[in-house]
Amino acid sequence: MNISQILFLIVLVIVFKEAVKRYGRLFRNINLGRDDEPINNKGGFRRMMLIAFGQQKMFKRPIPAVLHLFIYIAFVITQFDLLEQIIDGIFGTHRILSHILGGFYPFMISFIEILSVFAFIATIAFLSRRNLLKVPRLNSKDLIGWAKLDANLILIGEILLIIGIFCLNGADKALESNLPEKYHPTGFFAITSWLGPALFGSLPEYYLNLISGFGWWLHLAVVFGFILYLPTSKHMHILLAFPNTYLSSDNPRGRMPNIESIEAEVKSALGIEMNHTPKETIADFGVHDIFQLTRKNLLEAYSCTECGRCTAVCPANLTGKKLSPRKIMMDVRDRMEEVGRKLDDPDFKSLGGDVDNKIGFNDGKDLFSYIEKEEIRACTSCNACVEACPVLISPLEIILQLRRYEVLTESSGPPDWIPMYNALENNGSPWQMTIERDDWIKELN
Amino acid sequence: MQVKTMAEFAAEGRQPEVLFWVGCLGSYDARAQRVSQAFAQILNAIGIEFAILGKEESCTGDPARRAGNEFIFQMLANQNIQTFNNYGIKKIVTTCPHCFNIFKNEYPDLGAQIDVIHHTQFLNQLLKEGRLKIEGGVFNGQKITYHDSCYMGRVNGEYEAPRELIQALDVDLVEMGRNRSNGLCCGAGGAQMFKEDEPGEKRINTERAEEAIGTGASIVAVNCSFCNVMMTDGMKAKEKQDEIKIMDIAEMIRDSMNIND
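Residues numbered from 1 in each chain as written. Chains lettered and ligands numbered in written order. Predicted model: local features only at pLDDT ≥ 70, side-chain atom pairs only at ≥ 80, totals over all residues. Heavy atoms only, no water.

Considerations on the interface of chain A and chain B
No. 1: Counting residues at the interface gives 60 residues for chain A and 69 residues for chain B.
No. 2: Of the roughly 5,900 Å² buried where chain A meets chain B, counting both sides, 62% is carbon and sulfur surface.
No. 3: Among the residues chain A hides against chain B, the three largest losses belong to R437, W440 and L444 of chain A. Together they make up 15% of the total.
No. 4: Linking chain A with chain B are 5 salt bridges. (Contact = heavy atoms within 4.5 Å. Buried area = accessible area lost by both parts, 1.4 Å probe. Salt bridge = Lys/Arg side-chain N within 4 Å of Asp/Glu carboxyl O.)

Focus on the side chain of H288 of chain A
Residues and elements named next belong to chain A.
No. 1: Mapped onto the fold, H288 is located in the loop between helix 10 (260-270) and helix 11 (295-303).
No. 2: Side chain to side chain, H288 and D366 meet in a polar contact 3.0 Å long.
No. 3: For H288, the residues in contact, after removing those within four places along its chain, are D356, D366, L367, F368, L402 and Y405. (Helix = DSSP H or I, 4+ residues; strand = E, 2+ residues; numbered from the N terminus. Polar contact = N/O pair within 3.5 Å; in protein donor to acceptor, adjacent residues only side chain to side chain.)

Brief notes about the packing of helix 9 (residues 204-214) of chain B against helix 10 (residues 225-237) of chain B
Residues and elements named next belong to chain B.
No. 1: Direction vectors running N to C along helix 9 and helix 10 enclose 75°, while the axes themselves pass 8 Å from each other. On the basis of the axis angle, helix 9 is roughly perpendicular to helix 10. When helix 9 is examined against helix 10, the residues N205, T206, R208, A209, A212 and I213 are found in contact with a partner set consisting of M230, M231, D233, G234, M235 and A237.
No. 2: Broken down by class, the residue content of the contact of helix 9 with helix 10 amounts to 7 nonpolar, 3 polar and 2 charged. (Axes fitted to C-alpha atoms, helices over the stretch in contact; angles between N-to-C directions. Parallel < 35°, antiparallel > 145°, perpendicular 65-115°, else oblique. Nonpolar A, V, L, I, M, F, W, Y, C, P; charged D, E, K, R; others polar.)

Focus on the sheet that holds strand 1 (residues 4-5) of chain B
All names here are of chain B.
No. 1: One open sheet accounts for 5 strands, arranged 1-3-2-4-5; its pairing is parallel. Two strands lie at the open edges of the sheet, namely strand 1 and strand 5 (115-118), each paired on one side alone.
No. 2: Here 3 bridges tie strand 2 (residues 18-21) to strand 4 (residues 91-94), and the two strands are oriented parallel to one another. Bridge pairing links L19 to I92 in strand 4.
No. 3: Docked against the sheet, helix 6 (residues 97-106) engages strand 2, strand 4 and strand 5, running at close to 155° with respect to strand 5.
No. 4: Docked against the sheet, helix 7 (residues 119-129) engages strand 2, strand 4 and strand 5, running at close to 85° with respect to strand 5. (Pairing = 2+ DSSP bridges.)

Points about the domain arrangement of chain A
Residue and element names in this part refer to chain A.
No. 1: Domain annotation of chain A identifies domain 1 (3-30 + 61-246), domain 2 (261-414) and domain 3 (419-445).
No. 2: Look at where the C-alpha atoms of domain 1 and domain 2 centre, and you get two points 37 Å apart.
No. 3: Listed by partner, the interface residues are 26 residues for domain 1 and 29 residues for domain 2.
No. 4: Summed over the three residues of domain 1 that lose the most area to domain 2, namely I30, D142 and N244, the buried surface amounts to 30% of that side.
No. 5: Taking the shortest distance from any N to any O, the salt bridge between D344 and R25 comes out at 3.1 Å.
No. 6: At the junction of domain 1 and domain 2, the tally comes to 15 residue pairs in polar contact (both at pLDDT 80 or more).
No. 7: Of all elements in the fold, only helix 1 (3-30) and helix 9 (237-246) reach the threshold of two or more residues within the side of domain 1 that touches domain 2.
No. 8: The element contributing the most residues to the side of domain 1 that touches domain 2 is helix 9, with 6 residues.
No. 9: Classifying every residue of the side of domain 1 that touches domain 2 by side-chain character gives 12 nonpolar, 8 polar and 6 charged. (Domains from an automatic or database assignment.)

Concerning the packing of helix 3 (residues 30-45) of chain B against helix 11 (residues 249-256) of chain B
All names here are of chain B.
No. 1: Look at helix 3 against helix 11: their axes get within 8 Å of each other, and the N-to-C directions meet at 50°. Here helix 11 runs oblique to helix 3, going by the angle between their axes. Relative to helix 11, the crossing made by helix 3 is left-handed. For the pair helix 3 and helix 11, contact is made by R31, R34, V35, A38, F39, Q41 and I42 and by A250, E251, I253 and R254, respectively.
No. 2: Taken together, the residues of the contact of helix 3 with helix 11 sort by class into 6 nonpolar, 1 polar and 4 charged. (Left-handed = near helix turned anticlockwise from the far one by under 90°.)

Overview of the pattern of salt bridges
Where charged atoms of side chains with opposite charge meet at close range, the side chains can pair.
Residues and elements named next belong to chain A.
No. 1: With the rule as written, the count across this model stands at 57 salt bridges over all chains.
No. 2: For R95, the salt bridge identified is with D172, shortest N-O distance 2.8 Å. With a gap of 77 residues between them, R95 in the loop between helix 3 (62-91) and helix 4 (96-101) and D172 in helix 6 (residues 146-178) connect regions that are remote in the sequence.
No. 3: Residue classification places D172 among the buried positions, given a relative accessible area of 6%. (Buried < 20%, exposed > 50% of the residue type's maximum accessible area, 1.4 Å probe, protein only.)

Notes on unusual backbone geometry
No. 1: Not every positive phi belongs to a glycine, and L392 of chain A is a case in point at roughly 60°.
No. 2: Inspection of the secondary structure assignment puts L392 of chain A in the loop between helix 16 (384-388) and helix 17 (395-409).
No. 3: Accessibility expressed as a relative area gives 18% for L392 of chain A, which makes it buried.
No. 4: One non-glycine residue, R180 of chain B, lies in the positive phi region at around 50°.
No. 5: Mapping R180 of chain B onto the fold places it in the loop between strand 7 (172-174) and helix 9.

Re the pairing of strand 5 of chain B
Residues and elements named next belong to chain B.
No. 1: Where strand 4 and strand 5 come together, 4 bridges link them in parallel fashion. Directly across from K91, in strand 5, lies its bridge partner D115.
No. 2: Remark: the strand 4/helix 6/strand 5 crossover connection has right-handed handedness. (Right-handed = clockwise from strand over helix to strand, strands pointing away.)

A look at the nonpolar core
No. 1: Core analysis: the largest hydrophobic core is formed by 56 residues, its most contacted members being F84, I92, F103 and Y107 of chain B.
No. 2: Of the residues forming this core, the biggest block, 7 residues, is contributed by helix 5 (residues 70-87) of chain B.
No. 3: With 47 residues, the next largest nonpolar core counts M236, I376, C389 and L402 of chain A among its residues. (Core = buried A, V, L, I, M, F, W, Y, C linked by side-chain atoms within 4.5 Å.)

Some words on the domain arrangement of chain B
Residue and element names in this part refer to chain B.
No. 1: You can read the domains of chain B as domain 1 (4-124) and domain 2 (134-256).
No. 2: A straight line from the C-alpha centre of domain 1 to that of domain 2 covers 23 Å.
No. 3: Listed per partner, the contact involves 27 residues of domain 1 and 29 residues of domain 2.
No. 4: Carbon and sulfur atoms make up 67% of the area that domain 1 and domain 2 hide from each other, which totals about 2,300 Å².

Side note on a nonpolar patch on the surface
No. 1: A cluster of nonpolar side chains, namely I114, V117, F118, F120, I121 and I124 of chain A, defines an oily patch on the protein surface of about 460 Å² accessible area.
No. 2: You can see I121 of chain A is positioned in helix 5 (residues 104-131). (Patch = residues over 30% accessible without salt bridge, like charges linked within 9 Å, V, L, I, M, F, W, Y side chains within 5 Å. Areas by Shrake-Rupley, 256 points an atom, 1.4 Å probe, with all protein chains shown as cover.)

Here we look at the layout of surface pockets
Residue and element names in this part refer to chain A.
No. 1: Approximately 1,400 Å³ is the volume found for the largest pocket.
No. 2: The wall of the largest pocket is formed by 49 residues, among which S249, N251, P252, R255 and E397 lie closest to the centre.
No. 3: Those elements that place two or more of their residues in the lining of the largest pocket are helix 2 (44-53), helix 11, helix 16 and helix 17.
No. 4: For the lining of the largest pocket, a count of residues per class yields 16 nonpolar, 13 polar and 20 charged. (1 Å grid on protein atoms, 1.4 Å probe; cavity = no way out; pocket = protein on both sides within 12 Å on 5 of 7 lines; lining within 4 Å. Points joined across faces, edges and corners; volume = space filled by probe spheres on them.)

Re the sheet that holds strand 8 (residues 219-222) of chain B
Residues and elements named next belong to chain B.
No. 1: If you walk across this open sheet you meet the 4 strands as 7-6-8-9, and the pairing is parallel. Looking along the sheet, the strands with just one partner apiece sit at the ends: strand 7 and strand 9 (245-248). The mean angle between the axes of side-by-side strands here comes to 35°, regardless of whether they run parallel or antiparallel.
No. 2: When strand 6 (residues 143-146) meets strand 7, the two strands line up parallel, connected through 3 bridges. Bridging from a neighbouring strand, K143 pairs with D172 of strand 7.
No. 3: In this fold helix 11 packs onto strand 6, strand 8 and strand 9, with an angle of close to 85° to the strand it touches most, strand 9.

See below:
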């Protein structure tokens, strides 16, 4: 076993241990939510294949869709490279798969190289859209600070990945062509078979080996870095888009969840029999913290990549109101992270008192520490945000649950709605009317 | 013509073909009342036997539920379901997409299975069955744009029935940039109709009116009385109310027919 193998194994073990910790924390945070009503997702697999795997909804905006597709395919196909690198790293081999796969090997690598070029172009385009062209939805005030940096870090990471692959392949190709008797040929690679010798051909063997090794380690370092970074980043969508679309509900969009305990109370007041026992949940009077949201809601918050398609089509946001559906998702995630941090902090003491969540956590804050009432009050429930999301997130579901809390639990809400409630109770219409309901037929009769 | 109530049908021991659920706007709002009248006139003219609930109708509870007030929603909804059960109501047609949505998607949770259809879907069905005949006449060749209501469009996926009816009028249908699943809300949904806007730069209906004005259409066709009211206000805000009319599709069809009654 050589020194490089030992080093690699140490890194691998550290990364694995740290990843278990970080992903475990994320999974724990999602499980702070309440159970979903029985998940009704018969069509979930089909939606996952079409919408996550097939990127169907991305194509509402064709330019970013194509750019994104390049990076996505390159990402998926590069797993071949990664697999080989891990085997090579453990066993101290070099390009082990080239010995096994024969002619298929250069085909695969060529495929990866071509896609990497496309992905490189797409990444530069994405960086420019964010930082030079200043596409509005990528430069809104939702993203000031960490979110903007996060997005750029991911893109820079992608560029480093691609540089790593081309250094590795390019230096190897230069070695193979300079010293064919010493370096076993691995076949024709579409890009580096000419780019490698052109760039590095004049360098001595020692430097070429250095560049090859540098490329190999750079690629792996960025991949390992990504693995550990993802749970703290919006980029988590590359993994969670799949379970999130799979767990999406078949229920019609226009259906707000029923509150069975209130249904039962009203039915008994009206003398109607309830044909089943009402199921009580901790969200019966709306949602004010992550504990009353469903695990699916929380999974959605981690699946959000902050693209802002929802906010870009939100009628309230478009006309200058404070509501931004993207911000709602980011706020839910931030609150989850805050609760998670406090749970991991041995010095944190829960405040006690009345708490309505299963773990009795109380830090004196809730989602309303992040989301202003003015935001949720501006929603028209038009479903534009739901329609826009490429990975089937519903900010609307959360907004309507927060409203329920404001109205049912706090007995608050927009003052304008109070006359509406009164009229609905007394008159069966949103206005207190003096005319009769069927007055409109008088002109006809 | 005479519009009969369910109670009157029941007294005769009969069931109408369909219950026309008028909705709060259709009952009380002066502009929307004219839509109710137009739809009733069409049904009457082509011999569809329908009834209304009259004074027994009530709000579906949609604005209460979307505002967050589940108690009021449950009160109204369960009372309505009692009324439906009393009369053995199976089929409802409504001119309001919000009423349509809540009957279709939310009342079943409370134990009411209702066959509900929106008036544009109903009229389109009748057109296809040959029971309704539409001729261009007054609208022939006019430039008309159609505003998708959120609750028929995005929420319930109905984009084509209203368009097929409009096209049957031999008009020049021009689309706004944001149409079908990308349609922009009029600003009324989610009980916004019943409150002042939150602070912002402009009203949503003004934004939508501007887009409609941009098409050069002389009529904005709608399938929802909330949209009708909001778009009418939007046109007033842009001082275009004399040049551009907001019309429900039922009114357009009625106007194209020779209805003397």
